[in-house]
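A look at the structure
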Amino acid sequence: MTLTETRVQDHYRTRTPEPAPTVERPEPTVWGGIDGPIDAATVAAHDTRGHSRYTDLLSSGEVQAFRAELDRLASDDEIRADERTIVERESNEVRSIFEVHRTSDLVAELVRDPRVLDRARQVLGSDVYVHQSRVNYMPGFKGKGFYWHSDFETWHAEDGMPLPRAVSMSIALTDNHPFNGGLMVLPGSQRTFVPCVGETPSDHYKVSLTEQEIGVPSRAAITALAAEHGIDQFTGPAGSALLFDSNLMHGSGNNITPFPRSNIFVVFNSVENPLVTPYAAPAPRPDFIAARTFAALTR
Ligand code: 6CS
Ligand code: FE
């Protein structure tokens, strides 16, 4: 794996030994320059709030097909034993399957679908490639959430992503209620980078993908951002989608209800923003978590 040694100046220092001040982001949220399916008002709202929602992105028939696909993947012993599959510590249930756009033809098509691909290109203003894909299963009763974090903080520190020119799409395959671990976001927080304290351990992904302890913002930073921006929650029927900025502060609660929360999660990075050596980790993460081939995705 050849890593580009040259790095842009590190404007986003993180994983510091001592607390560091937040950094106002100079890069835009919407990079512009490429048309797409998102209407002007929604583009403007996305630019401000760092996220936008699309109810019924998938039809109910498509949702059924993806749910059957997720069930097939989660019950395949070979896939369960694969290092790309993360299982819950306590229940041993499948929590996530990474690089699912390579293991599932259905998801491989989805990432090229204009409803998905053209939205990512429109927001990032360039050709894009898949940085990461995963399916998340948040079972009922024992589903574990994710504490507050910025994805870009991890992707910068551990994957060598230079700038926050990446966008994620989370597509709900079950109904997202306020009470079954729905994703919470701090709207507008993408404009503030929150450095995190603590050196990245070797092979950090082996623990961070079930419980992240390094790369976690301080309570003071979360309190200040929540006071400034409030908290939005992504709710909606199965088939709904959330498109959100790589640096948007987000998290989700546990799910103790009988209602599972599953989604497909795809991260698009601009081809103008290829990964370099990690900014704050001893070694790059495996490419099933952070792709290191940057060819533009085409239909
Ligand atoms: O470390 C990562 O890349 C993953 N972790 C979380 C909690 N969200 C983003 C991403 O899937
Ligand atoms: Fe995340």
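Nothing here was measured: the structure is a model prediction, and the numbers come from that model.

1. Topic: the packing of aromatic side chains
A complete count under the given rule lists 8 aromatic pairs for this structure. With a centroid separation of 6.4 Å and 65° between ring planes, the pair formed by Phe 98 and Phe 288 is classed as edge-to-face. With Phe 98 in strand β4 (residues 94–98) and Phe 288 in the segment after β13 (261–270), the pair connects residues that are 190 residues apart, well separated along the chain. Owing to a relative accessible area of 0%, Phe 98 belongs among the buried residues under this scheme. Taking the centre distance of 5.9 Å and the plane angle of 75° together, the rings of Phe 152 and Phe 193 count as edge-to-face. One end of the pair, Phe 152, is in helix α7 (residues 151–159); the other, Phe 193, is in strand β9 (residues 192–193), and 41 residues separate them in sequence. Phe 193 shares its class with Phe 152; the two are buried. Against the face of Phe 146 rests Arg 95, its NZ or CZ located 4.3 Å from the ring centre. Over the ring of Tyr 54 we find Arg 119, and its NZ or CZ is 4.3 Å from the ring centre.

2. Here's the deal with the coordination of the iron ion (ligand 2)
Looking at the iron ion (ligand 2), the protein donor atoms are His 149 (NE2), Asp 151 (OD) and His 250 (NE2), and they sit 2.1 to 2.3 Å from it. Here the iron ion (ligand 2) is ringed by 4 donor atoms whose angles at the metal span 83 to 178°, and the overall shape comes out irregular. In the primary sequence, the donor residues of the iron ion (ligand 2) line up as H-x1-D-x98-H. In this pair, Asp 151 sits in helix α7 while His 250 sits in strand β12 (residues 250–252), placing the two residues 99 residues apart along the sequence. The pair Asp 151 / His 250 is uniform in exposure class, with both members buried.

3. Focus on the pattern of salt bridges
If you walk through the whole model with that rule in mind, you get 15 salt bridges. The closest approach of N and O atoms between Asp 159 and Arg 285, which form a salt bridge, is 2.7 Å. With Asp 159 in helix α7 and Arg 285 in the segment after β13, this pair connects stretches of sequence that are 126 residues apart. Each member of the pair, Asp 159 as well as Arg 285, is classed as buried. Among the salt bridges present, the one from Asp 203 reaches Lys 206, with a minimum N-O distance of 3.5 Å. Judged by its relative accessible area of 45%, Asp 203 is partly exposed. For Lys 206, a relative accessible area of 55% translates into the label exposed. Among the ionic contacts, a cluster of salt bridges with common partners joins Asp 82, Arg 84, Glu 99 and Arg 102.

Conventions and cut-offs
Residues numbered from 1 in each chain as written. Chains lettered and ligands numbered in written order. Predicted model: local features only at pLDDT ≥ 70, side-chain atom pairs only at ≥ 80, totals over all residues. Heavy atoms only, no water. Phe/Tyr/Trp six-rings, centres within 6.5 Å; stacked < 30°, edge-to-face > 60°. Helix = DSSP H or I, 4+ residues; strand = E, 2+ residues; numbered from the N terminus. Buried < 20%, exposed > 50% of the residue type's maximum accessible area, 1.4 Å probe, protein only. Lys NZ or Arg CZ within 6 Å of the ring centre and 35° of its normal. Donors = N, O, S within 2.8 Å, 3.2 Å for Na, K, Ca; no water. Tetrahedral: all angles 85-135°; square planar, octahedral: opposite > 155°, others 65-115°. Salt bridge = Lys/Arg side-chain N within 4 Å of Asp/Glu carboxyl O.

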